[in-house]
Amino acid sequence: MSLTLDSSARTAEHAQMFIGGSWTAAGAGQTFPTVDPNTGRTIAQVPRGDSSDVDKAVAAAKEKAVEWQFTDAIVRAGLLRELAAKVTENADELARLEALDSGHYLAKAQELVGAIPLWLDYFASLADKVGGRTIEVPGNKLSFTLLEPLGVTAHIIPWNYPLLILVRSCAPALALGNTCVVKPAEDTSLSALKFAELVKEAGFPDGVFNVVTGYGAEAGAALAAHPDVAGITFTGSTETGKQIAKLAADHVAQVTLELGGKSPTVVFPDADLDEAVEVAVQGFLSHAGQVCVAGTKLFVHADVKDAFLAKLTARLDETRVGDGFADGTQMGPLISQKQYDKVTEYIEIGKGEATLFYGGDRPAGTDEGGFFVGPTVFTDVAPSARIATEEIFGPVASVHGWTTEDELVEAVNDSIYGLFAVLLGKDITALLSTARRIQVGGVMINDWFGELPMTPHGGHKQSGTGRDEGLESVHNYTQVKHIAINLDPLRAATDWAGAPL
Ligand code: NAI
Ligand code: MG
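Residues numbered from 1 in each chain as written. Chains lettered and ligands numbered in written order. Predicted model: local features only at pLDDT ≥ 70, side-chain atom pairs only at ≥ 80, totals over all residues. Heavy atoms only, no water.

Asker: Explain the coordination of the magnesium ion (ligand 2) here, please?
Answerer: In an ideal tetrahedron of four donors about a metal, each angle is 109.5 degrees. In an ideal octahedron of six donors, the angles are 90 or 180 degrees. At 2.3 to 2.5 Å from the magnesium ion (ligand 2) lie its protein donor atoms, namely Val-35 (O), Asp-101 (O), Asp-101 (OD) and Asp-187 (O). All donors to the magnesium ion (ligand 2) come from one chain, and their sequence spacing reads V-x65-D-x85-D. Remark: Asp-187 occurs in the loop between β10 (179-183) and α6 (190-202) and Asp-101 occurs in helix α3 (residues 91-102); sequence separation between them is 86 residues. (Donors = N, O, S within 2.8 Å, 3.2 Å for Na, K, Ca; no water. Helix = DSSP H or I, 4+ residues; strand = E, 2+ residues; numbered from the N terminus.)

Asker: What is the right way to read the environment of Asp-50 from this model?
Answerer: Within the secondary structure layout, Asp-50 lies in the loop between β6 (41-47) and α1 (51-69). With 207 residues separating them in the primary sequence, Asp-50 and Leu-257 have C-alpha atoms 23 Å apart.

Asker: What is the right way to read the site of ligand 1 from this model?
Answerer: Close to ligand 1 lie 27 residues, the nearest being Trp-159, Glu-186, Lys-338, Lys-342 and Glu-391. Contacts to ligand 1 include Trp-159, whose side-chain N or O atom sits 2.6 Å from an oxygen atom. A distance of 2.7 Å is found between an oxygen atom of ligand 1 and a side-chain nitrogen or oxygen belonging to Lys-183. When ligand 1 is considered free in solution it has 820 Å² of accessible area, and contact with the protein chains removes 91% of it. Taken together, the elements giving at least two residues each to the shell around ligand 1 come down to α7 (216-225), β12 (231-235), α8 (238-249) and α11 (337-353). Here the residues of the shell around ligand 1 sort into twelve nonpolar, nine polar and six charged. (Near = heavy atom within 4 Å. Polar contact = N/O pair within 3.5 Å; in protein donor to acceptor, adjacent residues only side chain to side chain. Areas by Shrake-Rupley, 256 points an atom, 1.4 Å probe, with all protein chains shown as cover. Nonpolar A, V, L, I, M, F, W, Y, C, P; charged D, E, K, R; others polar.)

Asker: Is there a simple way to explain the nonpolar core in this structure?
Answerer: Buried together is how nonpolar side chains tend to be arranged in soluble globular proteins. In this structure, Phe-204, Phe-209 and Phe-308 are the most contacted members of the largest nonpolar core, which totals 114 residues. In terms of residues, this core owes the most to one element, helix α4 (residues 106-126), which gives eleven residues. Apart from the residues within four sequence positions on either side, Phe-308 is in contact with Val-267, Leu-273, Ala-276, Val-277, Ala-280, Leu-298 and Val-300. Counting 25 residues, the second largest nonpolar core, distinct from the first, contains Ala-57, Ala-224, Phe-234 and Ile-244. (Core = buried A, V, L, I, M, F, W, Y, C linked by side-chain atoms within 4.5 Å. Buried < 20%, exposed > 50% of the residue type's maximum accessible area, 1.4 Å probe, protein only. Contact = heavy atoms within 4.5 Å.)

Asker: Can you help me understand the packing of α7 against α8 in this one?
Answerer: Packed helix pairs are characterised by how far apart their axes lie and by the angle those axes make with each other. For the pair α7 and α8, the least separation of the axes is 8 Å and the interaxial angle reads 40°. The orientation of α7 relative to α8 falls into the category oblique. Here α7 contributes Ala-221, Ala-224 and Ala-225 to the contact with α8, which in turn contributes Ile-244, Leu-247 and Ala-248. Looking at side-chain class alone, the contact of α7 with α8 contains six nonpolar, no polar and no charged residues. (Axes fitted to C-alpha atoms, helices over the stretch in contact; angles between N-to-C directions. Parallel < 35°, antiparallel > 145°, perpendicular 65-115°, else oblique.)

Asker: Could you clarify how one ought to interpret the packing of aromatic side chains in this entry?
Answerer: With the rule as written, the count across this model stands at ten aromatic pairs. A centroid spacing of 5.7 Å and a plane angle of 45° characterise the contact between Trp-68 and Phe-204, whose relative ring orientation is tilted. Highlighted residues: Trp-68 in helix α1 and Phe-204 in the loop between α6 and β11 (209-211), separated in sequence by 136 residues. Taking relative accessible area as the criterion, Phe-204 reaches 4% and is therefore assigned buried. Relative to Phe-393, the ring of Trp-159 has its centre 5.6 Å away and its plane inclined at 80°; by these criteria the two rings are edge-to-face. With Trp-159 in the loop between β9 (152-156) and α5 (162-175) and Phe-393 in the loop between α12 (386-389) and β18 (396-402), the pair connects residues that are 234 residues apart, well separated along the chain. Among the residues examined, Trp-159 registers a relative accessible area of 15% and is labelled buried. A relative accessible area of 13% places Phe-393 in the buried class. Among the aromatic side chains, those forming a connected cluster through ring pairs are Phe-420, Trp-448 and Phe-449. (Phe/Tyr/Trp six-rings, centres within 6.5 Å; stacked < 30°, edge-to-face > 60°.)

Asker: How should the environment of Ala-221 be read in this particular structure?
Answerer: Summarising the element assignment, Ala-221 is placed in helix α7. Residues Ala-221 and Asp-50 lie 171 residues apart in sequence; the distance between their C-alpha atoms is 9.3 Å. Those residues in contact with Ala-221, other than ones at most four positions away along the chain, are Gly-216 and Leu-247.

Asker: Please clarify how the packing of helix α2 (residues 73-89) against α4 should be interpreted in this entry.
Answerer: One way to put it is that α2 packs onto α4 with a least axis distance of 9 Å and a crossing angle of 175°. It follows from the interaxial angle that α2 and α4 lie roughly antiparallel. Contacts between α2 and α4 involve Ala-77, Leu-80, Arg-81, Leu-83, Ala-84, Val-87 and Thr-88 from the former and Val-113, Ile-116, Pro-117, Leu-120, Asp-121, Ala-124 and Ser-125 from the latter. In terms of residue class, the contact of α2 with α4 is built from ten nonpolar, two polar and two charged.

Asker: Any chance you could explain α1 here in plain terms?
Answerer: Residue pairs three or four apart in sequence face the same way in an α-helix, which turns once every 3.6 residues. With 19 residues, α1 should cover 27 Å at 1.5 Å per step; its first-to-last C-alpha distance of 26 Å lies within 8% of that length. Roughly 30° is the biggest bend found in α1, and it falls at Glu-63. All buried positions along α1 are accounted for by Asp-53, Val-54, Ala-57, Val-58, Ala-60, Ala-61, Lys-64, Ala-65 and Trp-68. (Expected span 1.5 Å × (residues − 1). Bend = angle between axes of the 7 residues up to and from the residue.)

Asker: Would you explain the sheet that holds strand β7 (residues 134-135) in this entry?
Answerer: Where strands meet in a sheet, backbone hydrogen bonds hold them as pairs that are either parallel or antiparallel. The sheet built from three strands is open, its strands ordered β7-β8-β24 with antiparallel pairing. Two strands lie at the open edges of the sheet, namely β7 and β24 (478-486), each paired on one side alone. Taken together, the two bridges between β7 and strand β8 (residues 141-149) define a ladder with antiparallel strand orientation. Residue pairing for β8: Ile-135 is matched across the bridge by Ser-143. (Pairing = 2+ DSSP bridges.)

Asker: How should I be thinking about the pattern of salt bridges in this particular structure?
Answerer: Where charged atoms from two side chains of opposite charge come close, those side chains can pair. All told, the structure shown has 23 salt bridges when counted by the stated rule. Salt-bridge contacts for Asp-323 lead to Arg-10; the nearest nitrogen and oxygen are separated by 3.1 Å. Separated by 313 residues along the polypeptide, Asp-323 in the loop between α10 (305-317) and α11 and Arg-10 in the loop between β1 (4-6) and β2 (11-13) bring together distant segments of the chain. Accessibility expressed as a relative area gives 23% for Asp-323, which makes it partly exposed. A salt bridge links Glu-201 to Lys-86; its shortest N-O distance comes to 3.7 Å. Taken together, the residues span a long stretch of sequence, with Glu-201 in helix α6 and Lys-86 in helix α2 at a distance of 115 residues. Under the relative-accessibility criterion, Glu-201 is labelled partly exposed at 46%. What makes Lys-86 buried here is its relative accessible area of 14%. One salt-bridge network, held together by shared partners, links Arg-168, Glu-258, Glu-451 and Asp-468. (Salt bridge = Lys/Arg side-chain N within 4 Å of Asp/Glu carboxyl O.)

Okay, structure coming up:
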């Protein structure tokens, strides 16, 4: 039965898992609530899948793996394009579900859903364009590789960009001939379930795409540990990423991990300060700071620090925080009580180890039951302070001064994370010199991060391994088969003696 949204009541019904092309409750009959973070009220009950449900979904995906592998690439691409059309037709409902379940304000959720077809189309286009290579070997032989799908791939999704992160890994997986089992985050299952309906309507064979809802420690861990899962793509916390990598190691599954960050926004002395403030604010207030690439450490050159802070204060005063369905909202709530408790605890820690420069409190006029935290900025922050080294995942930034490039590079690189950086200035030599020296997976110069299907995204150090998106992501969903053909009669192939084995 299809998931139905009652927009005015802010509730949904018929949230069911999608296994082997059928809608189903959890085998054990359990459910859990998913809530509207604007109010704390329950939107729907969602099936609480466990290892037995994961077993069924993986079995369904495994049963279809070979058929899907040998389905013509052009057919797989056509289905992804049909799915893109379905997403466009259903964009309004998908965006409302996403806004309600995840706390993205509605206009942002509409933008995000509106962009989903770009990912589906980009990876549909790759289906028949990537392949192996031919290799020059000694002798009268032909040697070449095939890029083959892995088989069953698992996709463990976080709650910050639920549909986008699902699509950015499932689209290449499906395009390249893998079958998928998705485990959405327990806070945000609804858009994945609606998307599954569209997958079915688009005409994908049953079993190629499956969704098991449930908690991380139950459904998520069972999926990562399943011996028939050949590849796992995960976005989320570094801690959970490490656990998933350990589970994957037990059955030698390939992992792609996009993990935590503590990313710098660097203001050079020649930066346009109005633009720098705008980018900095986007950097730590987008989705209330619940973004892997959030620019939560503001490195501002000493010559412009006072002027920057004055402009920052004025800009933060204008930020409209509130219910995601109210007109003009620019920043919504945090995802959950758990995240609210984490962020407010870090603000208390910050008060003890630095100077609270801005905010730190609950924004006026927000729903008592919602998980709202206002924009918060700390100054006088020691490099070793917890608020300067640990991922907070809320609208909280720390300001750090700098004078020389060496000092800046050392401070930026002094982190267990290495996901991303934004550099703002005019002297391109200085900007590119810093860009080369910092240990991060992505650098944006004079821009804020705009996620795109065609550019690789991922981190150095404990921010992850492998890359989502771009041509680089092909490696997450393929494995190499080498084929060699001897073109001489076997008896004449005298180079055996000269071969090392
Ligand atoms: P998490 O990393 O635990 O959750 C992400 C996903 O992993 C969810 O689907 C969850 O059910 C699943 N999961 C949890 N434990 C698992 C396990 N043992 N085995 C398999 N799957 C498991 O993140 P959580 O607890 O929701 O948030 C905690 C912190 O993680 C945040 O405060 C933030 O710092 C970070 N985070 C980072 C994200 C990013 O985009 N890099 C996204 C979400 C959270
Ligand atoms: Mg929710």
